[in-house]
Amino acid sequence: MTADLDLQRAILEWRARAAAEHRSAAQAARLLHLGVVLGLDRAHIDALARTVADELDHAALALGVARALGGDDAPVDVELALLLPGPGRGPLAEALLLCLTELCVGETLAVDLFATMRAAATQPEARSALDRILRDEPRHRRWAWRHLDALLRLDPEGGRRLLNDALEGILTGFASAYADVPAALDPGATGRAAGLLSGSTWRRVFWRTWSRQLRPKLSRAGLEAPRFAARAEARGSLPPTGAVHAGT
Ligand SMILES: [Fe+2]
Ligand SMILES: [Fe+2]
């Protein structure tokens, strides 16, 4: 990849990250709303309100990195359709699925991925944005699993049945986005300095986080994905698909 192409990719990646962070803010705000409706304890509501503010800050920081790399000031497109509530579910079912997918799994992956990006980043704005993101994400991860426990206490049996039915699909979706990055998208020196990761690094971090973090945390919550776990054991056979945009 030429240096200019590498730089353009880094700009696009940080702009995509800004959109992903904005989407995370909308999802945390949706869970905040549902949490108030469902009567979650005030500590959960306050933590979610802080998460919303953090994610909006992350979006602004990501856009700032893109600008520092030479990107323009054009607003970032957001997929508004993704921000609409799920179809025809009650508030508890929607809150459970949202919490598990976007907060528990999403934030847990984000901590390890952003830490890996930060370790190799040398571009000053990227380093400082990643520093702030890494101050927040471990707290988001910690609260995400607490939110899930609180929601499951409202309907332990039905809630676990719902989530266990959905879990294989949720994990497969994340594997497609995070672990199937084509090697052709590997960054050069400029991209690496701006915090971009190679496809093999995305895969390594994804599967390491699955085995060290996600699987034990899911199991503690009474959630299992036996087919996905078997696929993880036999990994290496995944066909490459599209690009990824971390941001939670
Ligand atoms: Fe974030
Ligand atoms: Fe987050």
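Right above here is the structure, for reference.
The rules behind the values
Residues numbered from 1 in each chain as written. Chains lettered and ligands numbered in written order. Predicted model: local features only at pLDDT ≥ 70, side-chain atom pairs only at ≥ 80, totals over all residues. Heavy atoms only, no water. Helix = DSSP H or I, 4+ residues; strand = E, 2+ residues; numbered from the N terminus. Rg over C-alpha atoms; globule rule 2.2 N^0.38 Å. Buried < 20%, exposed > 50% of the residue type's maximum accessible area, 1.4 Å probe, protein only. Contact = heavy atoms within 4.5 Å. Lys, Arg positive; Asp, Glu negative; His and termini not counted. Charge placed at Lys NZ, Arg CZ, Asp CG, Glu CD. Arc of directions from axis to C-beta. Phe/Tyr/Trp six-rings, centres within 6.5 Å; stacked < 30°, edge-to-face > 60°. Axes fitted to C-alpha atoms, helices over the stretch in contact; angles between N-to-C directions. Parallel < 35°, antiparallel > 145°, perpendicular 65-115°, else oblique. Left-handed = near helix turned anticlockwise from the far one by under 90°. Nonpolar A, V, L, I, M, F, W, Y, C, P; charged D, E, K, R; others polar. Bend = angle between axes of the 7 residues up to and from the residue. Salt bridge = Lys/Arg side-chain N within 4 Å of Asp/Glu carboxyl O.

### Digging into the overall build of the protein chain
So, point 1. Of the regular secondary structure elements, the protein chain holds 8 helices and 0 strands.
So, point 2. The secondary structure elements of the protein chain, listed N-terminal to C-terminal, are α-α-α-α-α-α-α-α.
So, point 3. Computed over its C-alpha atoms, the radius of gyration of the protein chain comes to 18 Å, within 12% of the 18 Å expected for a compact globule of 248 residues.
So, point 4. Dimensions of the protein chain, computed from C-alpha atoms along their principal axes, come out at roughly 55 × 40 × 30 Å.
So, point 5. Across the 248 residues in the protein chain, those meeting the buried criterion constitute 50%.
So, point 6. For the protein chain, restricting intrachain contacts to residue pairs at least 6 apart in sequence, the fraction spanning at least 24 positions comes to 85%.
So, point 7. Between the mean site of the 31 positive side-chain charges and the mean site of the 30 negative ones, the protein chain shows a separation of 5 Å.

### Digging into helix 8 (residues 226–233)
So, point 1. For helix 8, every residue scored as buried is listed here: Phe228, Ala229 and Ala232. The buried side chains of helix 8 occupy one side of the element, clustering within an arc of 100 degrees when seen end-on. Set apart from the buried face of helix 8 by more than 90 degrees, the exposed residues are Pro226, Arg227 and Glu233.
So, point 2. Buried residues along helix 8 sit against helix 5 (156–179) and helix 7 (199–220).

### A look at the environment of Val65
So, point 1. Position of Val65 relative to the elements: it lies in helix 2 (residues 42–68).
So, point 2. A residue is classified by how much of its surface remains accessible, and Val65, at 1% relative accessible area, is buried.
So, point 3. Remark: the alpha-carbon pair of Val65 and Ala126, spanning 61 residues in sequence, is separated by 5.7 Å.

### Quick notes on the packing of aromatic side chains
Pairs of aromatic rings are described using the distance from one ring centre to the other and the angle between the two planes.
So, point 1. Overall, the coordinates contain 4 aromatic pairs when judged by the stated rule.
So, point 2. For the ring pair Trp207 and Phe228, a centre distance of 5.5 Å and an interplane angle of 25 degrees mean the geometry is stacked. Here Trp207 is found in helix 7, whereas its partner Phe228 is found in helix 8, with 21 residues between them in sequence. Of the two residues examined, Trp207 and Phe228, each falls in the buried class.
So, point 3. A centroid spacing of 4.9 Å and a plane angle of 80 degrees characterise the contact between Trp210 and Phe228, whose relative ring orientation is edge-to-face. Of this pair, Trp210 sits in helix 7 while Phe228 is found in helix 8, placing the two residues 18 residues apart along the sequence. In this structure, Trp210 and Phe228 share a single accessibility class: buried.

### Re the packing of helix 3 (residues 91–120) against helix 5
So, point 1. For the pair helix 3 and helix 5, the least separation of the axes is 10 Å and the interaxial angle reads 40 degrees. Classified by the interaxial angle, the pair formed by helix 3 and helix 5 is oblique. Every pair of crossing elements has a handedness; the one defined by helix 3 and helix 5 is right-handed. In this structure, helix 3 uses Ala93, Leu96, Leu97, Leu100, Thr101, Val105, Gly106, Leu109 and Leu113 to contact helix 5, whose residues at the interface are Gly159, Leu162, Leu163, Ala166, Leu167, Ile170, Leu171, Phe174 and Tyr178.
So, point 2. For the contact of helix 3 with helix 5, the per-class residue count stands at 15 nonpolar, 3 polar and no charged.

### What to know about the environment of Leu48
So, point 1. Here Leu48 shows up in helix 2.
So, point 2. In the structure, Leu48 is positioned 173 residues away from Ala221 in sequence and 20 Å away in space, judged by C-alpha atoms.
So, point 3. With near-sequence residues (within four places) excluded, Leu48 lies in contact with Ala28, Leu31, Leu32, Leu103 and His147.

### Observations concerning helix 5
So, point 1. Along helix 5, the sharpest kink reaches roughly 40 degrees, centred on Leu167.
So, point 2. Taken residue by residue, helix 5 has Gly158, Gly159, Leu163, Leu167, Glu168, Ile170, Leu171, Phe174, Ala175, Tyr178 and Ala179 as its buried positions.
So, point 3. Taken together, the buried residues of helix 5 touch helix 3, helix 4 (124–154), helix 7 and helix 8.

### Quick look at the pattern of salt bridges
Opposite charge on two side chains permits pairing when their charged atoms draw close.
So, point 1. Under the criterion given, the structure shown has 14 salt bridges.
So, point 2. Here Glu233 ties to Arg215 by a salt bridge, and the two come within 3.7 Å at their closest N and O atoms. One end of the pair, Glu233, is in helix 8; the other, Arg215, is in helix 7, with 18 residues separating them in the sequence.
So, point 3. Classification of Glu233 as exposed rests on a relative accessible area of 64%.
So, point 4. The partly exposed category is assigned to Arg215, whose relative accessible area is 35%.

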